[in-house]
Structure formats: C-alpha cells, structure tokens
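Architecture and fold: a report
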Amino acid sequence: MPGHWWQSLRTHFEPPPVADPLWRRALMACPLARRLDPERQQRLRKLASLFLARKQFHALAGVVLDDYWRLLIAMQACLPALQQGAASLRGWREVLIYPGEFKVRRSHHDDHTGVVTEGDEMRIGEAWEHGPLVLSLADVQLDLEQPWDGYNVVVHEMAHKLDMLDGPPDGVPPLVEIPRRRWIMQFQQAYDRLASMPADSRDSPIDHYAAESASEYFAVVSELHYSQPDLLRQAEPAIAELLEAFYGRSPADACESPAYCRSR
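Now for a description of the structure that goes with this document. Keep in mind it's a predicted model, so treat the numbers as computed, not measured. Starting from 1, residues in each chain are numbered consecutively following that chain's sequence as written. The predicted origin of the model limits local features to residues at a pLDDT of at least 70 and limits the giving and counting of side-chain atom pairs to 80 or more, whereas totals for whole chains, interfaces and linings rest on all residues. Remark: hydrogens and water are excluded; side-chain values derive from all non-hydrogen atoms of the structure.

A closer look at the sheet that holds strand β5 (residues 125–127)
Two orientations exist for strands paired in a sheet by backbone hydrogen bonds: parallel and antiparallel. By this definition, two strands are paired if DSSP reports at least two bridges between them. Secondary structure counts use DSSP, requiring at least four H or I residues in a row for a helix and at least two E residues in a row for a strand, with both numbered from the N terminus. Pairing is mixed across the open sheet formed by four strands, whose spatial order is β1-β2-β6-β5. In the strand order of this sheet, the two ends are held by β1 (56–59) and β5, each with one partner. Adjacent strand axes in the sheet meet at a mean angle of 15°, parallel and antiparallel pairs treated alike. Note: β1 against strand β2 (residues 94–98), four bridges, orientation parallel. The residue of β2 that forms the bridge with F57 is V95. Each of β2 and β6 (133–136) is contacted by helix α6 (residues 137–145), which is oriented at about 70° to β6, the strand it contacts most. For helices, the fitted line uses only the C-alpha atoms of the stretch in contact; every axis is such a line through C-alpha atoms, and the angle between N-to-C directions lies from 0 to 180 degrees. Pairs of residues are marked as contacts when any of their non-hydrogen atoms sit within 4.5 Å.

This is the structure:
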C-alpha cells in the first residue's frame, strides 16, 4: 500500500533538521507559517525538512534556487499537508520552477461536435497526477509579499496534489474524519451556486475560475482558507467549516500565541 510504503520510509529515514538561522530567516519571510502557533510551526519545520529531502527541485529557464527559496517553497507546500501528515506527500518526486508564467499545450474536446483542438495556455502553476509540481517563482514571491489577498499558487497546486491522492482530480481528497457524503453534497451545492453566476458577477468573493470544475473549486477555496478565511465564511460557511476540519485552523485567523502573531 502506498501509505504503508511512505510511513515505512519515514520510520527509517529522518532527514536532517532545517538549520536554525535558515529556518528563522524563512519564517520571517512567510507570513502563513509565521502566524502558526509554536506547536504547528515545529510540525511544519519537520515536514518541510522531509519534503526537501524527498523532492527534487529543478530550476528552469535561468532560475537560480538556493536553500532559502527551496525552503520557502517547501514550507508553503507543506501547509496544506500539515494536518494530513507525511503520507499525503507521497506519489510524486519533482518540483519544477520557472521564473514566471510558463506555456503548456492543451487539448480540448468539444462534446457537441466531437472536434478536438489544441492550443497553448499560460500558467503560473500546475500539478500533474503522479508527476511534478510546477510553479512560477515570480508568483510564489508575490504571494509571500501579499499573503492576505486571497491567492496562493503553492497552496492551490498542493490542493490538487491532495485531491489526486486517490485518483484523478474530482474535488474530493481522501477524507478520514469528515463524512465523504457530507463533503460531496456541500461542495456540489456551493459549486453549483458559483457556476450559476455570470463570470463578471461580484456577488461572491470566490474567483469564477473555480467554476471550471469541482477540482478547481476545491483548489480555489483552499487558497481562501489560508489567505481570506473571513470572506470564505461569509460566502460559503459550510465550505469554510469543512476546510477548517480538513486543513486545520487558518493562519490568517488570530493564532493562539500572541507573541507569534504579526500584523496582517
């Protein structure tokens, strides 16, 4: 079983801890991690060290990655996995980093005509089933500078990775303590509400890109959980409650130890 394999590996392989000076420097630059309470920070530190040891980073198109930037990416990638644990990082090995937007080739099948067309799309992030996590470094940096604007490309793509742990992306990640039927029903109702709105509607703070599919909806609201949970609670309280049960308390909410909190 994949989970057993990962847990067995974890038992026999303890990666070296992140050095204190590097951790403190990265923590100051990552508000999402800085706002966690001390206990969750320590769990994040251990999970990020495991991520760094098991994932292979590839800097593309002139990108220069040092230990600091690899750690900042690993920290944000591990936030959505923090409550799920190390086993949720299984199934893939590579992180591809472009300097900015990158081009991908896409095929589109028209259900009405049966015609298949191909074209290029510009992306800032992508997650492949059993394949790499692909990120724009410029957008990773922007999310660090503007952590409370409702967007986070690393969280978005990691939500897809969690979604794909049990098969093709469908907006339903593996659930342990949350009833699967409740998740599907609440997410379907919320997705239908957004999909019924015009693309230019301002009636919801949820980016209309989420209406592309159930998988994209899950990824987009995951971004809001981490960066604008109050807006998500106002728009879709049932979804906000489910995501808090799945991910844990949002770092955007007041943390339990005031000494570790910083101004938004």
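Brief notes about the packing of aromatic side chains
Paired rings are identified among Phe, Tyr and Trp, the last through its six-membered ring, by centres lying within 6.5 Å, and are further divided according to the angle between planes into stacked (under 30 degrees), edge-to-face (over 60) and tilted (the rest). Counted under the stated rule, the structure contains 13 aromatic pairs. Between Y68 and W69, the aromatic rings sit 5.8 Å apart at their centres with planes inclined by 75°, giving edge-to-face as the arrangement. Summary of the burial criterion: residues with accessible area below 20% of their type's maximum are buried, those above 50% are exposed, and those between are partly exposed, where the area comes from a 1.4 Å probe applied to protein chains only. According to the relative accessible area criterion, Y68 is buried, its value standing at 13%. Given the relative accessible area of 17%, W69 is considered buried. Residues F187 and Y217 carry aromatic rings whose centres are separated by 6.0 Å and whose planes lie at 85° to one another, so their mutual orientation is edge-to-face. Separated by 30 residues along the polypeptide, F187 in helix α8 (residues 180–195) and Y217 in helix α9 (residues 214–227) bring together distant segments of the chain. Through successive ring pairs, a cluster of aromatic residues spans W183, F187, Y191, Y217, F218, Y226, F246 and Y247.

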